[in-house]
Amino acid sequence: METNLKHKLMRYMVGNFSCQDIAQLITDYMDGSLTFTERIRFQMHLGLCFACRNYLRQMKYTIATLRQLPPEPVPQHVREELLERFRAWKQRSPQSSVKSETD
Amino acid sequence: MPAYVSLLAPCVCLEGWLFYTRFLLRKPLIVTVRLRIILWFVFGVSSPFQRLLISPSPLTVHDTLKLDEPGLVRALQAGDEQVFAAVMDWYSGSLLRLAMSYVPSRAVAEEVVQETWMGVFEGIHRFESRSSFKTWLFRILTNRAKTRGIRESRYEPSGLSTSSPDADEGPSLEDSLFVAEGSRMGHWKDPPHDWEPDTPERVLLSKECRAAIETAIENLPATQRQVMTLRDIEGVSSEEICNILGISETNQRVLLHRARTKVRRELNPYVQGDNT
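Only a predicted model underlies this, so the values are computations on that prediction, with no experimental measurement involved.

### Quick notes on the overall build of chain A
Check the secondary structure of chain A and you find 5 helices and 0 strands. Moving toward the C terminus, one meets the helices and strands of chain A in the order α-α-α-α-α. In chain A, which comprises 103 residues, the proportion classed as buried is 32%. Looking at chain A alone, contacts between residues at least 24 apart form 66% of all its contacts between residues at least 6 apart.

### Examining the overall build of chain B
The helix and strand tally for chain B stands at 13 helices and 0 strands. Each helix (α) and strand (β) of chain B, taken in turn from the N terminus, gives the series α-α-α-α-α-α-α-α-α-α-α-α-α. The burial tally for chain B puts 32% of its 276 residues in the buried class. Contacts in chain B between residues far apart in sequence, at least 24 positions, make up 63% of those at least 6 positions apart.

### Topic: helix H12 (residues 238-245) of chain B
Residue and element names in this part refer to chain B. Buried within H12 we find Ile241, Ile244 and Leu245. What you see down the axis of H12 is that its buried residues fit within an arc of 80 degrees, all on one side. Backbone geometry just downstream of H12 places glycine 246 in the positive-phi region, at approximately 65 degrees.

### Regarding the confidence of the model for chain A
Caution is warranted with low-pLDDT regions, since their predicted coordinates should not be read in detail. Residues and elements named next belong to chain A. For chain A, the mean per-residue pLDDT works out to 77, and 75% of the residues sit at or above 70. The secondary-structure element of chain A with the lowest mean pLDDT is helix H1 (residues 2-13), recorded at 63, while helix H2 (residues 19-31) shows the highest, at 89. Counting contacts from residues 95-103, a segment whose pLDDT is below 50, to residues more than four positions away or on other chains yields 1 contact.

### Concerning unusual backbone geometry
The phi angle at serine 129 of chain B is positive, at roughly 60 degrees, despite the residue not being glycine. Topologically, serine 129 of chain B is positioned in the loop between helix H6 (106-123) and helix H7 (133-151).

### Focus on the packing of helix H10 (residues 207-218) of chain B against helix H13 (residues 249-271) of chain B
Residues and elements named next belong to chain B. For the pair H10 and H13, interaxial distance at closest approach is 9 Å and the crossing angle is 160 degrees. Considering their axes alone, H10 and H13 lie roughly antiparallel with respect to each other. Every pair of crossing elements has a handedness; the one defined by H10 and H13 is right-handed. In this structure, H10 uses Glu208, Cys209, Ala212, Ile213, Ala216 and Ile217 to contact H13, whose residues at the interface are Lys262, Val263, Glu266, Leu267 and Tyr270.

### So, the nonpolar core
Residues and elements named next belong to chain B. Ranked by size, the top nonpolar core spans 67 residues in total, and within it Ala99, Leu137, Leu141 and Val227 carry the most contacts. If you tally residues by element for this core, the top one is H13, at 8 residues. In this structure valine 227 touches Ile241, Leu245, Gln252, Leu255, Leu256 and Ala259, once residues within four positions along its chain are discounted.

### Here's the deal with the confidence of the model for chain B
The predicted model of chain B averages 76 in pLDDT, with 68% of residues at 70 or higher. Note on residues 44-56 of chain B: pLDDT under 50 across the span, and 24 contacts to partners over four residues away in sequence or across chains.

### Here we look at the environment of arginine 225 of chain B
Residue and element names in this part refer to chain B. By secondary structure assignment, the location of arginine 225 is in helix H11 (residues 222-233). Note on arginine 225: 21 C-beta atoms within 10 Å, which makes it buried. A sequence separation of 124 residues divides arginine 225 from serine 101, and the C-alpha atoms of the two residues are 6.5 Å apart.

### Things to note about the environment of valine 108 of chain B
Residue and element names in this part refer to chain B. In this fold, valine 108 is placed in helix H6. On the basis of neighbour counts, which here come to 19 C-beta atoms within 10 Å, the residue valine 108 falls in the partly exposed class. The sequence separation of valine 108 and glutamate 152 amounts to 44 residues, and the corresponding C-alpha distance is 9.2 Å. Every residue in contact with valine 108, bar those within four places of it in the chain, is listed here: Val103, Arg148 and Glu152.

### Some remarks on the environment of glutamine 82 of chain B
Locating glutamine 82 of chain B in the fold gives a position in helix H5 (residues 81-99). The sequence separation of glutamine 82 of chain B and valine 61 of chain B amounts to 21 residues, and the corresponding C-alpha distance is 13 Å.

### A short note on H6 of chain B
Residue and element names in this part refer to chain B. Between its first and last C-alpha, H6 extends 25 Å over 18 residues, near the 26 Å set by a 1.5 Å rise per residue. Every buried residue belonging to H6 is among Ala109, Glu110, Val112, Val113, Thr116, Trp117 and Val120, and all of these are buried. Mapping the buried residues of H6 onto a view down its axis gives an arc of 160 degrees, with all of them on the same face.

Each value, and the rule that gives it
- Residues numbered from 1 in each chain as written.
- Chains lettered and ligands numbered in written order.
- Predicted model: local features only at pLDDT ≥ 70, side-chain atom pairs only at ≥ 80, totals over all residues.
- Helix = DSSP H or I, 4+ residues; strand = E, 2+ residues; numbered from the N terminus.
- Buried ≥ 20, exposed ≤ 12 C-beta atoms within 10 Å, placed from the backbone.
- Contact = placed C-beta atoms within 7 Å.
- Arc of directions from axis to C-beta.
- pLDDT = per-residue confidence, 0-100.
- Axes fitted to C-alpha atoms, helices over the stretch in contact; angles between N-to-C directions.
- Parallel < 35°, antiparallel > 145°, perpendicular 65-115°, else oblique.
- Left-handed = near helix turned anticlockwise from the far one by under 90°.
- Core = buried A, V, L, I, M, F, W, Y, C linked by C-beta atoms within 7 Å.
- Expected span 1.5 Å × (residues − 1).

Next comes the structure, spelled out in structure tokens:
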């Protein structure tokens, strides 16, 4: 009974945004693409719901973790080959640009 | 009228004012921080919910080379090998990661990256700075990777043009996490718990955890993986992603949301409990 009352109260106070809505709108919220009223309703819900606060924090944590992933290692031979090709291009390049100018 | 309703109105007004000042001051965090302080006093919300902030903007290739965008392009056009090597070292890993979402094997992805750099040599004299160098570079990669992926019959271009992103997906992933009916409808079945206060760097030190994240990303549908790679791993802005992948802003957000939800779910067991 007590929890029912709490949820009814929460729903009344936070303008009918349920936890499910919060979970669905969380990317929009972090992107700043919610409308003015949606944003207020979202934040009012967050202010009252510890579970959704945790969820938001977890999402931010996930993003922070992804950002820390190291880049894919590129094999040395690929790098060397590309530099070789770059040098070859550089030697060819002035001729080709002169050519295109004369064309 | 209960006391909390009378307290709610000033909160809403204040939030409105803060939202307005956000445009003037460009301080988005202040909005939630101030609201939280007010709610803390009014409703006794004791847990600070923005303890973990998204990391500040990371270093860019321009910072390391001490060259601005036009300077970088001019150096490449002039054939400066040092600059090229630095740019290549900076972006190749990211390009490789993105290419792997289009083609079936790493070896083919490496070839696509090589082709991309060849495309950069060929096209740098025609680069007119209508988009940033980074966007241009990633667009060359996606074009070449798409062609290659079609040839290797993995990537299906229809995936991006459909109105609903990743039409193969069923209903929203989160549905199973919430109570479907009754007075608690829409509430968490099992409320998310606070994760361990470990830093992401330390979490990634755990081999198991890193493997789980990498696997989760690999298992994402191609379009979700591309958006997540660009946005969350490489830190490309959403407008640039729409340009690179040729998708709408809404599509991009839906794909990103689904991808993040899945990766969060995979990360959950490692950050919660004693596994870390």
